[in-house]
Amino acid sequence: MTPFPLRFRTLRTRVTLWYGAIITLCLLAYSAAVGLTFESHIEAELDRRVHEDIELAGRALLVDEAGRPSWPGGILGKNVDEEEGGGHWIEIWNVAGERVLATGTIDPPPVAARPEASRGAQSMEVEGGYVRVMTESVNVKDSRFLVRAAVSEAPSRRQVRKLWLELAGITATVLVLGGLGGYALARRLLGPLGRMAEHARRITAEQLHERLLEERSGAELDQLREAFNDTLARLERSFGELRRFTADASHELRTPLTALRSVGEVGLRGARSNDDYREVIGTMLEEVDRLSRLADELLTLSRAEAGQANLRKEPVDLGAVGAEVVERLAVLAEERGQRLECRAEEPALVRGDRLALRQALMNLVDNAIKYAPDGSCVLVAAGTRAGRAFVEVRNEGPGIAAEHRERIFERFYRVDAGRSREMGGTGLGLSLVKWTAEAHGGSVELDTGEGGSTFRLVLPAG
């Protein structure tokens with residue numbers, strides 16, 4: 001199937017064609033209604049005139065004592081009005097089937113046998129054109145006759161033809177003017193859309209800061225422009241985050257790789273003892289472990305954002321998960337003289353992936369231990385509130401400054417970058433916590449101040 005040319009696929013052309021099609025249908029319907037109504041009126045007028053001629057002929061008819069009919073003084077000359085280009089015909093038939101009287105100004109209509117009386121009229125073709133014919137019976141002095149009258153349809157047909165030509169002319173004129181008006185209207189209405197498209201083509205990945213120009217072009221196009229500008233803003237933020245993520249990932253990968261190279265070069269500078277080599281290898285393994293954890297966390301985040309992370313939903317008690325995490329990380333707290341406690345006054349049941357929730361809680365507890373002062377207390381508490389389950393991690397650190405609170409859940413973002421690297425952090429822990437909460441239909445809340453910080457994982461109770 002051959003596709004339409006490009007010029008017929010443009011919205012402007014299609015709007016014009018639809019506009020013209022609607023006008024055409026409306027005009028055709030109007031013209032048909034007017035024309036058919038006028039034809040019906042003309043036909044009724046012809047039938048009335050034929051019937052009047054029959055009545056006039058019946059009243060003027062006289063019958064002598066022998067039963068012979070006559071029209072004293074004629075009939076058409078003074079009683080029947082003639083139309084320009086038209087004419088009449090009247091004839092009388094007796095009961096024996098003989099035509100006894102006839103007069104008129106047109107050719108008589110054809111008849112194959114004795115006509116029958118009928119109230120209905122019909123059109124017949126004669127040498128001079130078409131005539132309207134009607135036959136009725138009349139009684140004069142106990143004698144019955146058939147009166148057959150005909151009226152020329154020439155004037156009426158000229159009127160009908162003239163009307164149809166006028167309607168066709170009006171339809172063509174309105175259609176042309178309407179098509180031109182529709183094209184001009186479509187061009188004016190869709191002009192801003194074309195300018196928007198032309199401007200949008202010039203916006204590239206390096207120019208995402210640009211926006212479509214504001215202009216008064218109707219509510220619908222304004223909504224489209226706003227939606228497109230909002231999309232550009234989201235793309236600009238996404239590209240910015242992607243660039244920051246690429247730069248941060250490169251930096252995070254370069255740091256342990258540089259350390260590996262430096263340690264390896266130092267170890268190769270001269271002969272060393274076995275203990276020295278063990279120390280060099282241990283240092284290199286620590287950096288390899290950092291790289292492995294960074295790669296695992298990046299893979300987890302990429303799968304999560306691609307929707308490929310499969311969560312196994314099962315009943316999970318957040319209090320029990322908190323107790324398990326406290327037991328596993330208690331050694332880290334003891335190294336700094338901290339107390340690591342878990343409190344769960346009631347079951348905090350949710351439906352979720354136990355491993356993902358435990359890893360998220362371990363990230364929160366690990367951060368709390370790293371940033372809490374030596375000898376302080378780190379508390380893990382679980383419970384329910386307003387139909388939702390929660391587990392929170394509270395420490396007695398210095399708190400988080402206001403300028404860091406909005407970005408603390410971003411990937412690779414650190415409040416104290418140097419200190420975090422010294423402690424082995426990758427900057428992805430809180431990003432994983434946020435994803436885990438959102439994947440379970442929940443959220444992460446942060447309460448912070450001079451007395452410490454509280455990270456709260458809130459999930460739907462189940």
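You'll find the structure just up there.
Computed from a predicted model, the values in this text were never measured in an experiment.

Trainee: Would you mind showing me how to read the nonpolar core here?
Mentor: Here is a general trend for soluble globular proteins: nonpolar side chains tend to be buried in one another's company. Leu318, Leu340, Val365, Val393 and Leu457 are the most contacted members of the largest nonpolar core, which has 35 residues in total. Every element with two or more residues in this core is listed here: helix H7 (318-335), helix H8 (354-371), strand S11 (377-385), strand S12 (388-395), helix H11 (429-439) and strand S14 (452-460). Per-element tally for this core: the top contributor is H8, with 8 residues. When near neighbours in sequence (up to four residues on either side) are disregarded, Val365 contacts Val325, Leu329, Leu340, Val380 and Val393. Residues Ile54, Leu61, Val140 and Val160 belong to the second largest nonpolar core, which totals 19 residues.

Trainee: Would you mind going over the pattern of salt bridges with me for this structure?
Mentor: Close approach of charged atoms lets side chains of opposite charge pair. Per the stated rule, a full pass over the model turns up 18 salt bridges. By sharing partners, the salt bridges in this structure join Glu392, Arg394, Glu445, Asp447 and Arg456 into a single network.

Trainee: What is the right way to read H8 from this model?
Mentor: Note: α-helices contain 3.6 residues per turn, so residues at a spacing of three or four share the same orientation. Look at H8: 26 Å from first C-alpha to last across 18 residues, which is about the 26 Å you get at 1.5 Å a residue. Among the residues of H8, those classed as buried are Ala356, Leu357, Ala360, Leu361, Met362, Asn363, Leu364, Val365, Ala368, Ile369 and Lys370. Residue Asp353 occupies the N-cap position of H8, its side-chain oxygen lying 3.1 Å from the main-chain nitrogen of Leu355.

Trainee: Could you clarify how one ought to interpret a nonpolar patch on the surface in this entry?
Mentor: Taken together, the side chains of Tyr277, Ile281, Leu285 and Val288 present a nonpolar region at the surface, about 350 Å² in accessible area. With respect to the element layout, Leu285 can be found in helix H6 (residues 274-305). The exposure class of Leu285 is exposed, given its relative accessible area of 53%.

Trainee: Looking at this structure, how should I read the environment of Pro69?
Mentor: Checked against the element boundaries, Pro69 lands in strand S2 (residues 69-70). Take Pro69: its relative accessible area is 15%, and that puts it in the buried class.

Trainee: Just to check I follow, could you spell out the sheet that holds S12 for this structure?
Mentor: What links the strands of a sheet is backbone hydrogen bonding, and the strands pair in either a parallel or an antiparallel sense. The 5 strands are arranged S9-S11-S12-S14-S13 in an open sheet whose pairing can be described as mixed. On the outer flanks of this sheet lie strand S9 (339-344) and strand S13 (443-449), each paired with one strand and no other. Within this sheet the neighbouring strands show an average axis-to-axis angle of 15 degrees, counted without direction. Lying over the sheet, H7 contacts S9, S11, S12 and S14, oriented at roughly 175 degrees with respect to S9.

Trainee: Help me understand helix H4 (residues 154-201) in this model?
Mentor: Taking 1.5 Å per residue as the helical rise, H4 with its 48 residues ought to reach 70 Å, and the 67 Å between its terminal C-alpha atoms agrees with that figure. Largest kink in H4: about 45 degrees, centred on Leu190, with the proline Pro192 one to four residues after it.

Trainee: It is not clear to me how the packing of aromatic side chains should be interpreted in this structure. Could you clarify?
Mentor: A ring pair, where both rings are aromatic, is described by two values, the distance of the centres and the angle of the planes. Tallied over the full model, the rule gives 0 aromatic pairs. One residue, Arg157, lies across the ring of Tyr130, its end atom 4.2 Å from the ring centre. One cation-aromatic arrangement involves Arg385 over Phe390; the distance from NZ or CZ to the ring centre is 4.7 Å.

Thresholds applied
Residues numbered from 1 in each chain as written. Predicted model: local features only at pLDDT ≥ 70, side-chain atom pairs only at ≥ 80, totals over all residues. Heavy atoms only, no water. Core = buried A, V, L, I, M, F, W, Y, C linked by side-chain atoms within 4.5 Å. Buried < 20%, exposed > 50% of the residue type's maximum accessible area, 1.4 Å probe, protein only. Helix = DSSP H or I, 4+ residues; strand = E, 2+ residues; numbered from the N terminus. Contact = heavy atoms within 4.5 Å. Salt bridge = Lys/Arg side-chain N within 4 Å of Asp/Glu carboxyl O. Expected span 1.5 Å × (residues − 1). Polar contact = N/O pair within 3.5 Å; in protein donor to acceptor, adjacent residues only side chain to side chain. Patch = residues over 30% accessible without salt bridge, like charges linked within 9 Å, V, L, I, M, F, W, Y side chains within 5 Å. Areas by Shrake-Rupley, 256 points an atom, 1.4 Å probe, with all protein chains shown as cover. Pairing = 2+ DSSP bridges. Axes fitted to C-alpha atoms, helices over the stretch in contact; angles between N-to-C directions. Bend = angle between axes of the 7 residues up to and from the residue. Phe/Tyr/Trp six-rings, centres within 6.5 Å; stacked < 30°, edge-to-face > 60°. Lys NZ or Arg CZ within 6 Å of the ring centre and 35° of its normal.

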